Amino acid sequence: MLMGIHYQKLWKTLEQKGMTKYTLTHYFELSPRLITKLQRNEPINTTTIDKLCSILQCNVEDIITYEENELNALYRNEGLKRIEEKQQKKVKRRQP
């Protein structure tokens with residue numbers, strides 16, 4: 001899956017805090033499946049992000065980075081196009 005969000009900073013922050021993936025799974029009871037999802041940059045929920053920030057005593061930007069990719073740009077541009085079309089319809093209705 002092409003995600004704009006990735007977790008490379010998580011691994012650096014984990015190392016800086018003197019922790020490992022083993023620490024997360026065995027002492028903080030995060031599932032091995034979750035660790036795999038993070039390694040693959042797959043989507044996770046905000047509750048998990050909250051837990052990670054709490055465990056590592058860090059901010060979201062210390063574990064997550066967003067970089068736009070083609071898929072995200074396409075999604076945004078399609079949405080903007082629909083907004084523009086709707087606004088143009090409103091303007092046409094107002095004109096006599």
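Residues numbered from 1 in each chain as written. Predicted model: local features only at pLDDT ≥ 70, side-chain atom pairs only at ≥ 80, totals over all residues. Heavy atoms only, no water.

Undergrad: Tell me about the confidence of the model for the protein, and please be specific about residues and values.
TA: Mean pLDDT over the protein: 88, with 96% of residues reaching 70 or higher. When the elements of the protein are averaged for pLDDT, helix 5 (residues 70–94) gives the smallest value, 77, and helix 4 (residues 46–56) the largest, 97. (pLDDT = per-residue confidence, 0-100. Helix = DSSP H or I, 4+ residues; strand = E, 2+ residues; numbered from the N terminus.)

Undergrad: Before we move on, can you summarise the pattern of salt bridges with the specific residues and values?
TA: Oppositely charged side chains may form a pair once their charged atoms are brought near each other. Taken as a whole, this structure holds two salt bridges when the rule is applied. One salt-bridge network, in which partners are shared between bridges, spans Arg33, Arg40 and Glu42. (Salt bridge = Lys/Arg side-chain N within 4 Å of Asp/Glu carboxyl O.)

Undergrad: Which residues make up unusual backbone geometry, and what are the values?
TA: Backbone geometry places Glu29, a non-glycine residue, at a positive phi of 55°. Residue placement: Glu29 occurs in the loop between helix 2 (21–26) and helix 3 (32–39). Within the chain, Asn41 stands out as a residue other than glycine whose phi angle is a positive 55°. Within the element layout of this structure, Asn41 appears in the loop between helix 3 and helix 4.

Undergrad: Residues and numbers for the packing of aromatic side chains, please.
TA: As enumerated under the stated definition, the model contains one aromatic pair in all. Here Tyr22 and Tyr27 contribute two aromatic rings whose centre-to-centre distance is 6.2 Å and whose plane-to-plane angle is 70°, an arrangement assigned as edge-to-face. Residue Tyr22 is classed as partly exposed on the basis of its relative accessible area, which comes to 48%. Against the face of Trp11 rests Lys21, its NZ or CZ located 5.1 Å from the ring centre. (Phe/Tyr/Trp six-rings, centres within 6.5 Å; stacked < 30°, edge-to-face > 60°. Buried < 20%, exposed > 50% of the residue type's maximum accessible area, 1.4 Å probe, protein only. Lys NZ or Arg CZ within 6 Å of the ring centre and 35° of its normal.)

Undergrad: An account of the nonpolar core is requested, with residue identities and associated values reported.
TA: Core analysis: the largest hydrophobic core is formed by 18 residues, its most contacted members being Leu10, Leu24, Leu38, Ile44, Leu52, Leu56 and Ile63. Residue assignment for this core shows that the elements contributing at least two residues are helix 1 (8–16), helix 3 and helix 4. With five residues, the top contributor of residues to this core is helix 4. What Ile44 contacts, discounting residues up to four positions off in sequence, is Tyr7, Leu34, Lys37, Leu38, Ile49 and Leu52. (Core = buried A, V, L, I, M, F, W, Y, C linked by side-chain atoms within 4.5 Å. Contact = heavy atoms within 4.5 Å.)

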